[in-house]
Amino acid sequence: MNRTMQVEFPEVYCELDFTTPLDLSVATILSAQCTDVRVNMVTPALFARYPDAWAYAGADRTELEEMIRSTGFYRNKANSIIGLGQALVERFDGEVPSTLKELVTLPGFGRKTANVVLGNAFGVPGLTVDTHFGRLVNRWEWTAETDPVKVERAVGELFPRKEYTDLSHRIIFHGRRICHARKPACGVCQLASDCPSYGQGPTEKAAAAALVKGPETEHLLALAGVEA
């Protein structure tokens, strides 16, 4: 299934826009219960206004909340971002650390956020168990675990560590483009022959094709023998 997803998505990447590990840390905090598209609309002005940990540490809360309001849960996210800035200044000389052990001690960070930052900002392989990842590996019966830490451990045992970051992206891409929560596009899914949940969504090609999303739509439909 992983090899098949490599054909579906030969180029995978973090869909959050960022330049520095700090940018990615903040963007990932903002992405909770929010789309990456929305976060990417907010972050250019945010990154320009707060270029480093010291700026976040001393941020005016009202101003910061207003800048991130559209991402939802903006008060909690502002608390995390200001706390993150303060922690980085106090404990890490303003720099985002590059180990899981240190990252998970930071405000706004759990293992998911830490693995996003490790894999995409530092090149350290990590499994990003977000809602798409957890949903799909259950649907595929790779694991029956639902706790993210247990899911990470169980799936991690199935693959070489060097695969972790790209595997995470592939699964998330597949979940966003094809294997939707309520109505997966089963009829045009390249994983259909290996999927124990095949048939949860429409199996007729035309109906399934209408459900495919994202910039790879034409490529994905071509693989399924359907014209976009």
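Residues numbered from 1 in each chain as written. Predicted model: local features only at pLDDT ≥ 70, side-chain atom pairs only at ≥ 80, totals over all residues. Heavy atoms only, no water.

J.: I'd love a proper account of the overall build of the protein chain, names of residues and values included.
T.: The secondary structure content of the protein chain amounts to 13 helices and zero strands. Counting helices and strands in the order they occur from the N terminus, the protein chain gives α-α-α-α-α-α-α-α-α-α-α-α-α. What you see for the protein chain is a C-alpha radius of gyration of 19 Å, in line with the 17 Å of a compact globule of 228 residues. Principal-axis analysis of the C-alpha atoms gives the protein chain an extent of 55 × 35 × 25 Å. The burial tally for the protein chain puts 50% of its 228 residues in the buried class. Long-range pairs, those at least 24 residues apart, make up 57% of the contacts in the protein chain with a sequence separation of at least 6. Computed over 24 positive and 28 negative side-chain charges, the separation of the two mean positions in the protein chain equals 5 Å. (Helix = DSSP H or I, 4+ residues; strand = E, 2+ residues; numbered from the N terminus. Rg over C-alpha atoms; globule rule 2.2 N^0.38 Å. Buried < 20%, exposed > 50% of the residue type's maximum accessible area, 1.4 Å probe, protein only. Contact = heavy atoms within 4.5 Å. Lys, Arg positive; Asp, Glu negative; His and termini not counted. Charge placed at Lys NZ, Arg CZ, Asp CG, Glu CD.)

J.: An account of the packing of aromatic side chains is requested, with residue identities and associated values reported.
T.: What the rule picks out here adds up to five aromatic pairs. For the pair Trp140 and Trp142, a centre-to-centre distance of 5.0 Å together with 50 degrees between the ring planes defines the contact as tilted. In this structure Trp140 comes out as buried when scored by relative accessible area, which is 4%. Among the aromatic residues, those joined into a cluster by ring pairs are Phe9, Tyr13 and Phe173. One residue, Arg49, lies across the ring of Tyr50, its end atom 5.2 Å from the ring centre. When the ring centre of Phe173 is taken as reference, the NZ or CZ atom of Arg177 above it lies at 4.0 Å. (Phe/Tyr/Trp six-rings, centres within 6.5 Å; stacked < 30°, edge-to-face > 60°. Lys NZ or Arg CZ within 6 Å of the ring centre and 35° of its normal.)

J.: Now, about the nonpolar core: what can you tell me, with residues and values included?
T.: Formed by 35 residues in total, the largest nonpolar core has its most connected members in Val26, Leu64 and Ile68. Contributing elements (two or more residues each) for this core: α2 (21-30), α3 (36-49), α4 (53-57), α5 (61-68), α6 (74-92) and α8 (111-121). Per-element accounting of this core gives the leading share, eight residues, to α6. For Val26, the contacting residues outside a window of four places in its chain are Leu46, Phe47, Tyr56, Ile81 and Leu84. Within the second largest apolar cluster, 31 residues are counted, among which are Ile171, Ala209, Val212 and Leu220. (Core = buried A, V, L, I, M, F, W, Y, C linked by side-chain atoms within 4.5 Å.)

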